[in-house]
Amino acid sequence: MTGKRCRGLDVSGTKTYPGDPVELPLRQDQLEPTPVEGCLGCTELANVRDRARAGGDMTTVTDCNVYMRRHPEGHQ
Ligand SMILES: [Zn+2]
């Protein structure tokens, strides 16, 4: 009778569905801007971001994303 045990676990937590996009950090990561071709600023930011991510420095990664997001305004 292991079915009862499993059921208890399900009810104790909040409702979860497979593939439910609730993980905000991951979502943010997916939304990060892409460097504009030909823009030295974007290229540099992308390089710094890659290196920061490789080193686990998520603060710098976020900073680079913020700066890169502002860039499109300057490109137009
Ligand atoms: Zn740029």
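The rules behind each value
- Residues numbered from 1 in each chain as written.
- Predicted model: local features only at pLDDT ≥ 70, side-chain atom pairs only at ≥ 80, totals over all residues.
- Helix = DSSP H or I, 4+ residues; strand = E, 2+ residues; numbered from the N terminus.
- Buried ≥ 20, exposed ≤ 12 C-beta atoms within 10 Å, placed from the backbone.
- Core = buried A, V, L, I, M, F, W, Y, C linked by C-beta atoms within 7 Å.
- Contact = placed C-beta atoms within 7 Å.
- Expected span 1.5 Å × (residues − 1).
- Arc of directions from axis to C-beta.

Secondary structure assignment for the protein yields four helices and zero strands. Scanning the protein from its N terminus toward the C terminus, one meets helices and strands in the order α-α-α-α. The buried share of the protein, taken over its 76 residues, is 8%.

Okay, the nonpolar core next. Among the nonpolar cores identified, the biggest contains five residues, and these are Cys42, Leu45, Val61, Cys64 and Met68. Mapped by element, the contributors of at least two residues to this core are α3 (40-54) and α4 (58-75). The element that contributes the greatest number of residues to this core is α4, accounting for three residues. Contact partners of Val61, with chain neighbours within four places excluded, come to Arg49, Ala52 and Arg53.

Attention now moves to the environment of Glu32. Mapping Glu32 onto the fold places it in the loop between α2 (24-30) and α3. As for Glu32 and Val66, which are separated by 34 residues in sequence, their C-alpha atoms are 8.7 Å apart.

This brings us to the environment of Glu44. Topologically, Glu44 is positioned in helix α3. Judged by C-beta crowding, with 14 C-beta atoms within 10 Å, Glu44 ranks as partly exposed. Taking C-alpha positions, Glu44 is 9.3 Å from Cys64, a pair spaced 20 residues apart along the chain.

Here α3 is 15 residues long and its end C-alpha atoms lie 21 Å apart, about the 21 Å a rise of 1.5 Å per residue gives. Buried within α3 are the following residues: Cys42, Leu45 and Arg49. Looking straight down α3, one finds that the buried residues subtend no more than 60° of arc, so they occupy a single side. Across α3 from its buried face, at more than 90 degrees, point the exposed residues Leu40, Asn47, Asp50 and Ala54. Within two residues after α3, Gly56 carries a phi angle of roughly 80°, on the positive side.

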